[in-house]
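# Architecture and fold: a report
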Amino acid sequence: MVKGWRVGMLLLVAMGNLAWSLSAKANFNGKLTVEIDGLKNKQGQVCASIFASSEGFPSDRNRGLQKQCTKITDTPLPITFKNLKAGSYAVAVFHDQNNDSTLNSNLFGVPSEGFGFSSNPEILARAPKFSEAAFLVAGPDTNIQIQLKYF
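The following paragraphs examine the structure supplied in this document. In this text, all values refer to a predicted model and were calculated from it rather than measured experimentally. (Residues numbered from 1 in each chain as written. Predicted model: local features only at pLDDT ≥ 70, side-chain atom pairs only at ≥ 80, totals over all residues. Heavy atoms only, no water.)

## Quick notes on the nonpolar core
Note the following rule: Think of a nonpolar core as a cluster: buried Ala, Val, Leu, Ile, Met, Phe, Trp, Tyr and Cys residues, connected wherever their side-chain atoms sit within 4.5 Å. Each residue is placed in one exposure class: buried if its accessible area under a 1.4 Å probe, protein chains only, is under 20% of its type's maximum, exposed if it is over 50%, and partly exposed if it falls in between. We count a stretch as a helix when DSSP gives it H or I for four or more residues in a row; a strand needs E for two or more, and each element gets its number in order from the N terminus. Any two residues whose heavy atoms approach within 4.5 Å are treated as being in contact.
Counting residues in hydrophobic clusters, the biggest one holds 21 residues, and the most contacted among them are Leu32, Val34, Val46, Phe81, Val91 and Val93. Elements represented by at least two residues in this core include exactly β1 (30-37), β2 (45-51), β4 (77-84), β5 (87-96), β7 (135-137) and β8 (141-147). No other element matches the 4 residues that β4 contributes to this core. Each residue touching Val93, except ones within four places of it in the same chain, is listed here: Ile36, Val46, Cys47, Ala48, Gly114, Phe115, Gly116, Ile146 and Leu148. One finds Cys47, Phe51, Phe57 and Ala133 within the second-largest nonpolar core, a separate group that totals 11 residues.

Given below as structure tokens:
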């Protein structure tokens, strides 16, 4: 009987620890630092948007989870997103050289300003899908690097 009681207590403690662990992971607020490299010059600003799903990615900044534009002071340029839950995210970035908060393009739709995405996927004839740019935030501090591309 004592042996059964000990096993029951051990199971109860183990289940409590597991529940606390899962609860702590679900409730943490992570910070993501994005290091943006490959800037052609220091004119204008860099605008970045973080997405938690494919909805709106990569071009509809208003559907992103968070967005911000930062004046270029250093290269590489760090941009930080705070209060992120554990999960999968994708980041889209562009070098807004004329400060109009828009990724400008030519008559054929080719971007005339620098741009980049998390996971640095190869860019051929289209923007990447969310799954091609996705990465995990699984702890309190995550760091990624994005290399800008210019056409």
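## Brief notes about the pattern of salt bridges
For side chains bearing opposite charge, pairing can occur when the charged atoms are close. Spelled out, the test is: Here, a salt bridge means any side-chain nitrogen of Lys or Arg that lies within 4 Å of a carboxyl oxygen of Asp or Glu.
Going through the model one piece at a time under the given rule, you end up with 3 salt bridges. Lys31 serves as the salt-bridge partner of Asp141, at 3.7 Å between the closest nitrogen and oxygen. Within this pair, whereas Asp141 is found in strand β8, its partner Lys31 is found in strand β1, the two being separated by 110 residues in sequence. Note on Asp141: relative accessible area 52%, which makes it exposed.

## A look at a nonpolar patch on the surface
Let me state the cut-off plainly: A residue counts toward a patch only above 30% relative accessible area and without a salt bridge, and it is joined to like-charged neighbours within 9 Å or, for Val, Leu, Ile, Met, Phe, Trp and Tyr, to nonpolar neighbours within 5 Å. Only the protein chains shown count as covering a residue, and every accessible area follows the Shrake-Rupley method with a 1.4 Å probe.
A surface patch of nonpolar side chains, about 560 Å² in accessible area, is lined by Leu107, Phe108, Val110 and Phe151. In this structure, Phe151 sits in the segment after β8.

## Some thoughts on the packing of aromatic side chains
Put simply, the rule is: Paired rings are identified among Phe, Tyr and Trp, the last through its six-membered ring, by centres lying within 6.5 Å, and are further divided according to the angle between planes into stacked (under 30 degrees), edge-to-face (over 60) and tilted (the rest).
For the structure shown, the criterion picks out 5 aromatic pairs. Relative to Phe57, the ring of Phe51 has its centre 5.3 Å away and its plane inclined at 85 degrees; by these criteria the two rings are edge-to-face. Given the relative accessible area of 1%, Phe51 is considered buried. Look at Phe57 and you get buried, because its relative accessible area is 10%. A centroid spacing of 6.1 Å and a plane angle of 65 degrees characterise the contact between Phe57 and Phe117, whose relative ring orientation is edge-to-face. Here Phe117 lies in strand β6 (residues 115-117) and Phe57 lies in the loop between β2 and β3 (66-71), a separation of 60 residues in the sequence. For the pair Phe57 and Phe117, a shared accessibility class is recorded, and that class is buried. Members of the aromatic cluster, connected to one another through ring pairs, are Phe51, Phe57, Phe115, Phe117, Phe130 and Phe151.

## Considerations on the environment of Gly30
Looking at the element boundaries, Gly30 is found in strand β1. Considered as a pair, Gly30 and Ala86 are 56 residues apart in the sequence and their alpha carbons are 7.2 Å apart. If we skip the residues at most four places from it in the chain, Gly30 touches Phe81, Lys82, Asn83, Leu84, Gly139 and Pro140.

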